Amino acid sequence: RTWDCPIDEATWCAAGDPNTQSCPNNVSPYQEPEAPMRTGAVVGFSILGIVAAAAIGYVVWANEMKRKKAKYRRLFVERIAKEVELNRRGSVGPSEDELITAFKSVDTSDDGFIEKDELRAFLSNGKIEVDDKDFDALFASMDLKGRGRVNFL
């Protein structure tokens, strides 16, 4: 069933409500009522939710980077340990000479530093597959000074 309104909005607004008790202050029934919630609260909660999601995402990302950094340090040490052959009888750990020999096996340019390309070549010889992003994280964990190279000490 359709409702036929006997009067249009323009006529209603010009003449006012003939029955002032049913419509106080001559407010048109065509007007939308006040919203029960302020838009500022909705916007505030939306922004708060976005900030909270971003903070949670950052914490998850930072923890993942820390975990990857530790993983690649461990992989590098394991690879060095294989070169040095730590499984000697009665030995607590590698001697300084063995560590220097292992370092020199990675330092192919013999300049006393391990550059990124030397480390990448060393890892690929051991058949360790590392993508560029993870390799950069590994090298950054070793290159504490950010010089692009790592020395023995």
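See the structure above.
Residues numbered from 1 in each chain as written. Predicted model: local features only at pLDDT ≥ 70, side-chain atom pairs only at ≥ 80, totals over all residues. Heavy atoms only, no water.

Asks: Can you tell me about the overall build of the protein, naming the residues and giving the values?
Replies: The helix and strand inventory of the protein stands at five helices and two strands. In the protein, the succession of helices and strands from N to C terminus is α-α-α-β-α-α-β. Put simply, 41% of the contacts in the protein that link residues at least 6 apart link residues at least 24 apart. Just so you have it, the protein exposes about 12000 Å², and 57% of that area is on carbon and sulfur atoms. (Helix = DSSP H or I, 4+ residues; strand = E, 2+ residues; numbered from the N terminus. Contact = heavy atoms within 4.5 Å. Areas by Shrake-Rupley, 256 points an atom, 1.4 Å probe, with all protein chains shown as cover.)

Asks: Give me the pattern of salt bridges: which residues, what numbers.
Replies: Tallied over the full model, the rule gives four salt bridges. Linking Glu64 and Arg67 is a salt bridge whose minimum nitrogen-to-oxygen distance equals 2.4 Å. Of the two residues, Glu64 and Arg67 are both situated in helix α2 (residues 39-84); the distance of three residues between them amounts to about one turn of the helix. Looking at Arg67, the relative accessible area reads 46%, which means it is partly exposed. (Salt bridge = Lys/Arg side-chain N within 4 Å of Asp/Glu carboxyl O. Buried < 20%, exposed > 50% of the residue type's maximum accessible area, 1.4 Å probe, protein only.)

Asks: Could you give an account of helix α3 (residues 96-106), with specific residues and numbers?
Replies: Buried within α3 we find Glu98, Ala102, Phe103 and Val106. Here the buried residues of α3 occupy an arc of 140 degrees about the axis, which is enough to place them on one side. Exposed residues on α3 whose side chains face more than 90 degrees from its buried face are Glu96, Asp97, Thr101 and Lys104. (Arc of directions from axis to C-beta.)

Asks: Give me the lowdown on unusual backbone geometry, citing residues and values where you can.
Replies: A positive phi is found at Asp110, a non-glycine position, where the angle reads about 55 degrees. Examined against the element boundaries, Asp110 turns out to sit in the loop between α3 and β1 (113-115).

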